[in-house]
Amino acid sequence: MTTLSPIRNIDSVAAAAGPAPTGVTPTAGVPKIPSARGPGLSAHLRQRIARDFHARWSEEWGSKFVTHGRVPGRDAIRLDGNDYLAVTGDPRIVQAQIDNLRCNHDTVTQSSVFHLAGSPTHQFEVALADWVGADSVLLCQSGYTANLGLLQVVADPQTPVYIDSLAHMSLWEGVRASGATAHAFRHNDPGHLARMIPRHGPGLVVVDSVYSTTGALCPLPEMVKIAQDHGCMILVDESHSLGTHGPQGRGLCAQWGLTDRVHFITASLAKAFAGRAGFFTMPEELRYYLMCHSFPSIFSSSLLPHEIAGLAATLQVLRGADDARGRLQQHTVRLRTRLTQLGYPIAHGSEQIIALEAGSEVDTLALRDALEARGVFGAVFVAPATARQRAMVRLTLNAALTDAELNHVEAVAAEIAPQVRPWEWAIARRQGRQTSATA
């Protein structure tokens with residue numbers, strides 16, 4: 001989300017500015033917000049802001065940007081990041097970056113399409129492909145651009161795309177960039193997918209392996225079989241399972257022996273890798289066609305050499321991080337079990353991402369404030385990251401959490417439960433109905 005300047009109240013700021021300059025006619029009912037410099041915004045844009053955002057800002061968010069709560073203190077328990085295996089600051093990774101910065105004097109900043117075989121970028125792509133078990137890999141500036149650039153090429157207006165309703169926004173944007181029609185199927189519902197494909201014909205199935213807001217695990221074996229049976233290609237975004245799941249952290253496709261049956265695997269390297277990059281796999285026959293047609297690859301500069309050096313070192317760390325993966329799994333089972341006992345409706349997920357879905361933005365901010373006042377910091381997710389009335393505080397666990405920290409999180413969850421009443425959230429009622437329907 002875009003960070004906004006800390007303005008107090010939009011209407012009061014406009015009122016304090018006095019009358020509009022001569023010759024300027026503000027749109028009726030829309031406050032004129034003065035700019036510190038420059039010509040200011042058009043009346044049409046200000047009208048859109050007033051229509052779509054003013055009430056949300058002032059009435060629901062309290063005139064403070066929604067993700068900006070308290071500043072975490074030194075003793076805060078941070079559950080708002082994605083460094084699942086706690087590799088940030090690992091001396092092996094830091095040293096690799098330092099060595100590269102000190103020794104690399106001939107860097108040319110350019111698009112990665114100019115990088116030749118044998119370059120650090122290509123060497124890292126080869127190492128990633130070997131690790132994941134793929135034919136070929138293309139390194140991108142982020143997981144977002146990886147999904148955007150891949151889908152832009154492999155789909156087109158004649159390719160129906162069947163996409164899970166909770167798939168990451170970058171996947172939806174990739175479909176839009178390709179000109180394809182997106183056919184959303186119910187979240188984690190293989191049966192619904194199987195019924196949809198015959199209506200529109202073979203195309204591309206798009207899923208996440210672990211969903212980024214809820215921590216729900218995709219039923220990948222069923223999804224892959226349905227895609228295969230109906231002549232579809234399948235794309236699996238492994239952003240939240242790469243590094244944390246599977247042998248040597250190779251992801252869920254590898255864990256379930258599906259890698260050879262999945263056409264494209266994508267991932268952000270800003271999660272378990274704790275870096276700034278992304279990638280996707282592909283058959284080697286597609287590599288150069290894709291490099292000629294994927295706009296993010298062509299028109300953005302590549303990662304810098306010290307970033308690639310750090311990512312390459314991180315890959316070696318993750319290969320040997322079985323102990324950290326074990327601790328992360330233990331922490332996940334422990335905290336999920338305790339939160340469930342306390343009445344928090346989190347049954348829609350199972351992995352290291354835990355969604356406390358309060359529903360409305362007002363209730364979500366109250367939940368955030370209650371947690372942060374007691375030293376526990378999660379990440380607030382609201383529209384467009386969630387549906388409008390499915391706002392949440394997302395807690396993401398990591399392998400470095402101590403027993404004392406987990407004890408504190410559990411104690412805080414117990415203390416605030418009577419205040420936030422999670423058993424009354426809309427998600428709790430939905431889960432209750434689903435349980436009754438299947439009993």
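All values reported here derive from a predicted model rather than from experimental measurement.

**Notes on the pattern of salt bridges**
Now for step 1: The final tally for this structure, using the stated rule, is 20 salt bridges.
Now for step 2: In this structure, the salt-bridge partner of Arg-276 is Glu-307, at a minimum N-O distance of 2.8 Å. Taken together, the positions of Arg-276 in the loop between strand S7 (264-268) and strand S8 (278-282) and Glu-307 in helix H12 (residues 305-319) put the pair 31 residues apart, joining distant regions of the chain.
Now for step 3: Judged by relative accessible area, Arg-276 falls into the partly exposed class, the value being 46%.
Now for step 4: Arg-430 is the partner of Glu-357 in a salt bridge, and the nearest nitrogen-oxygen pair spans 2.9 Å.

**Considering the sheet that holds strand S9 (residues 353-359)**
Now for step 1: With antiparallel pairing, the three strands of this open sheet are ordered in space as S9-S12-S11. Of all the strands in the sheet, the pair left with one neighbour each is S9 and strand S11 (379-381). Averaged over all adjacent pairs, the angle separating strand axes in this sheet is 25 degrees, with direction ignored.
Now for step 2: Where S9 lies against strand S12 (residues 391-396), five bridges are found, and the strand directions are antiparallel. Counterpart to Ile-354 in the pairing with S12 is Leu-395.

**Brief notes about the packing of helix H3 (residues 91-103) against H12**
Now for step 1: One way to put it is that H3 packs onto H12 with a least axis distance of 8 Å and a crossing angle of 155 degrees. When the axis of H3 is compared with that of H12, the two are roughly antiparallel. Here H3 and H12 pass one another in a crossing that is right-handed. Across the interface between the two elements, Arg-92, Ile-93, Ala-96, Gln-97, Asn-100 and Leu-101 of H3 pack against Pro-305, His-306, Ala-309, Gly-310, Ala-313, Thr-314 and Val-317 of H12.
Now for step 2: Counted by class, the contact of H3 with H12 contains seven nonpolar, five polar and one charged residues.

**A word on the side chain of Thr-244**
Now for step 1: Inspection of the secondary structure puts Thr-244 in the loop between strand S6 (233-237) and helix H9 (252-255).
Now for step 2: A polar contact is formed between the side chain of Thr-244 and the backbone oxygen of Ser-241, at a distance of 3.2 Å.
Now for step 3: In contact with Thr-244, other than residues within four places in its own chain, are Tyr-84, Leu-85, Gly-249, Ala-272, Arg-325, Leu-328 and Gln-352.

**Here's the deal with the nonpolar core**
Now for step 1: In this structure, Leu-269, Phe-273, Tyr-344 and Leu-356 are the most contacted members of the largest nonpolar core, which totals 90 residues.
Now for step 2: With seven residues, the top contributor of residues to this core is helix H15 (residues 403-420).
Now for step 3: Phe-273 has contacts with Val-87, Phe-124, Leu-128, Trp-131, Leu-242, Leu-311, Thr-314, Leu-315 and Leu-318, leaving out every residue within four places of it along the chain.
Now for step 4: Val-161, Leu-204, Leu-286 and Leu-290 belong to the second-largest nonpolar core, a separate cluster that totals 23 residues.

What counts and what doesn't
Residues numbered from 1 in each chain as written. Predicted model: local features only at pLDDT ≥ 70, side-chain atom pairs only at ≥ 80, totals over all residues. Heavy atoms only, no water. Salt bridge = Lys/Arg side-chain N within 4 Å of Asp/Glu carboxyl O. Helix = DSSP H or I, 4+ residues; strand = E, 2+ residues; numbered from the N terminus. Buried < 20%, exposed > 50% of the residue type's maximum accessible area, 1.4 Å probe, protein only. Pairing = 2+ DSSP bridges. Axes fitted to C-alpha atoms, helices over the stretch in contact; angles between N-to-C directions. Parallel < 35°, antiparallel > 145°, perpendicular 65-115°, else oblique. Left-handed = near helix turned anticlockwise from the far one by under 90°. Contact = heavy atoms within 4.5 Å. Nonpolar A, V, L, I, M, F, W, Y, C, P; charged D, E, K, R; others polar. Polar contact = N/O pair within 3.5 Å; in protein donor to acceptor, adjacent residues only side chain to side chain. Core = buried A, V, L, I, M, F, W, Y, C linked by side-chain atoms within 4.5 Å.

Just distances and angles here, no functional claims.
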